[in-house]
Amino acid sequence: MLVVLGFLMVATFMYLIMSKRATPVVGLILVPVAFGLIAGAGTGIGDMIVDGVESLAPTAALLFFAIIFFGIMIDVGLFDPLVRLILRLVRDDPARLVIGTAVLAMVVSLDGDGSTTFIITTSALLPLYLKLKVSPVVLTVVAGLANATMNIIPWGGPTVRAASALGLSPSEVFVPMIPSLVVGLVIVLGFAAHLGVTERRRIGRLVWKPEVVSLGAGPSGVGTVGGDTDATDGEVGQLAAGLDPDRPTLRPRLLPFNALLTVALLVVLGLDILPIPVLFMIAAGLALAVNFPRVVDQSAAIARHSSSIVSVVAMVFAAAVLTGVFQGTGMVESMALWLTGVVPDTLGPFLAVITGLLSIPFTFFMTNDAFYFGVLPVLAETASQYGIEPVEMARASITGQPVHMQSPLVPAILLLVTLAGVPLADHHRKVLWRAGVVSVAMLVVGVLLGQIPFG
């Protein structure tokens, strides 16, 4: 019964948000509560939800202070030069813009943190998407795919979890999968190019008329034509991200400090010396104190980004309801046991590939912790009876990450769609099948190169 309820709960939730009959926050709260009560949780559902909230509280804190920190860095002008450079390279071509989005997201994803990637990518490029009239959904799809594919790097999370769950070294799991990663990134670039060309055909090329473009002005002088842009490099810089180069929050004299603080934050984050939420708390505090010494200015800086903070943190805590009910009612365990029980003995030699395929839907509907520490060890133990090594099972299990990262249980993707102003349902319609293609391609490459056994 728990297996049936688990699948029905997920199906109901996905139906409600995909059909736009409920917002993700409402669906994440009410659907699990209803199914939890049906499963017999009773008043114990309160403890389950509290457990879920406690488990995601550090993530909520991370996003809260990460938005404040990077929001301040945007306000004070740290990323203005980068945005101007991107705009010069993109010029008036939507196709170049979309490909540039993929490349930027891939590079920034090297820090292993999806939230950081999406904050930087969205803040740098979303205003440009709006000016060029390119759909923001394209931004979320491309950035989401790029970051999700890069998520298998050892410090990204799933590879470490898979290795830890099976007592392996992360390098044993990751290094042989580098060719799969490369192929996945190439496919992402291919999707970006296709989406960019499609947008170019839809809207044409845009030209800014110099006489109507002023500092911080909107795109009132934009017209669709077939030629190149008439804007000079200076005017292109004025259009960059719609950021007013004379805004009062700029701190040009503090640029070295802000750059050093950001680099130090990313370095320490990579060294894993302190918990990530603590790092962002300290960094946000320093950024506020140094850039805005007056209390009134500090309050204003936080208030400027309050809408993003409220939206994201609300969805994180709502996701905690689904996670808490899933775990507390035993649905996750029951679904894992059912899964291993329905695999016939004749398919035993193919368990590595089956694990790779199952990781696509299972990591979408479960947290990485639930899958790698709950499901993978059971599958690996079964596979060992057919001569399949644990490291091979671990490699197969990480190929589902391009789809996993689009899950509403992943706070970073909630942050991305919130910052871009894109409904999660619209993002899912365009991204899920593409993410599935990337996952399957990575699995196929692993099989072809012998890193993942097939029979």
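Residues numbered from 1 in each chain as written. Predicted model: local features only at pLDDT ≥ 70, side-chain atom pairs only at ≥ 80, totals over all residues. Heavy atoms only, no water.

S.K.: I'd like to hear about the overall build of the protein chain, residue by residue, with values.
M.R.: When you go through the protein chain residue by residue, the secondary structure sums to 22 helices and two strands. Each of the 455 residues in the protein chain was classed as buried or not, and the buried ones make up 55%. Counting contacts in the protein chain only where the partners sit at least 6 residues apart, residues at least 24 apart contribute 78% of the total. Of the accessible surface of the protein chain, which amounts to about 17,900 Å², a share of 68% is contributed by carbon and sulfur atoms. (Helix = DSSP H or I, 4+ residues; strand = E, 2+ residues; numbered from the N terminus. Buried < 20%, exposed > 50% of the residue type's maximum accessible area, 1.4 Å probe, protein only. Contact = heavy atoms within 4.5 Å. Areas by Shrake-Rupley, 256 points an atom, 1.4 Å probe, with all protein chains shown as cover.)

S.K.: Now, about the packing of aromatic side chains: what can you tell me, with residues and values included?
M.R.: Enumeration over the complete set of coordinates arrives at eight aromatic pairs. Relative to Phe70, the ring of Phe69 has its centre 5.1 Å away and its plane inclined at 85°; by these criteria the two rings are edge-to-face. An aromatic cluster is defined as three or more aromatic residues linked by ring pairs; in this entry it consists of Phe69, Phe70 and Phe280. (Phe/Tyr/Trp six-rings, centres within 6.5 Å; stacked < 30°, edge-to-face > 60°.)

S.K.: I'd love a proper account of unusual backbone geometry, names of residues and values included.
M.R.: If a residue is not glycine, its phi is most likely negative; likewise, a peptide bond is most likely trans. Even without being glycine, Lys133 reaches a positive phi, approximately 65°. Within the element layout of this structure, Lys133 appears in the loop between helix 6 (114-131) and helix 7 (136-150). Residue Lys133 is classed as partly exposed on the basis of its relative accessible area of 47%.

S.K.: Tell me about the confidence of the model for the protein chain, and name the residues and values.
M.R.: A residue-level look at the protein chain finds 87% of positions with pLDDT of 70 or above and a mean pLDDT of 81. Counting contacts from residues 206-242, a segment whose pLDDT is below 50, to residues more than four positions away or on other chains yields 80 contacts. (pLDDT = per-residue confidence, 0-100.)

S.K.: Summarise the packing of helix 6 against helix 7; cite the residues concerned and give the values.
M.R.: Two elements in contact, helix 6 and helix 7, have axes whose closest approach is 10 Å; the angle formed by their N-to-C orientations is 150°. Taken together, the axes of helix 6 and helix 7 are roughly antiparallel relative to one another. In this structure, helix 6 meets helix 7 at a crossing whose hand is right-handed. The residues of helix 7 that touch helix 6, namely those facing Gly114, Thr117, Phe118, Thr121, Thr122, Leu125, Leu126, Tyr129 and Leu130, are Pro136, Val138, Leu139, Ala143, Gly144 and Asn147. (Axes fitted to C-alpha atoms, helices over the stretch in contact; angles between N-to-C directions. Parallel < 35°, antiparallel > 145°, perpendicular 65-115°, else oblique. Left-handed = near helix turned anticlockwise from the far one by under 90°.)

S.K.: Describe the side chain of His427, with residues and values.
M.R.: Residue placement: His427 occurs in helix 22 (residues 424-448). What makes His427 buried here is its relative accessible area of 0%. Ignoring sequence-local partners within four residues, the contact set of His427 consists of Val137, Thr140, Val141, Gln406, Ile413, Val417 and Val422.

S.K.: Hey, could you go over the pattern of salt bridges for me, with residue numbers and the actual values?
M.R.: Taken as a whole, this structure holds six salt bridges when the rule is applied. Across the pair Asp75 and Arg304 runs a salt bridge whose closest N-O atoms are separated by 3.1 Å. Of this pair, Asp75 sits in helix 3 (residues 45-75) while Arg304 sits in helix 14 (residues 295-304), placing them 229 residues apart in sequence. (Salt bridge = Lys/Arg side-chain N within 4 Å of Asp/Glu carboxyl O.)

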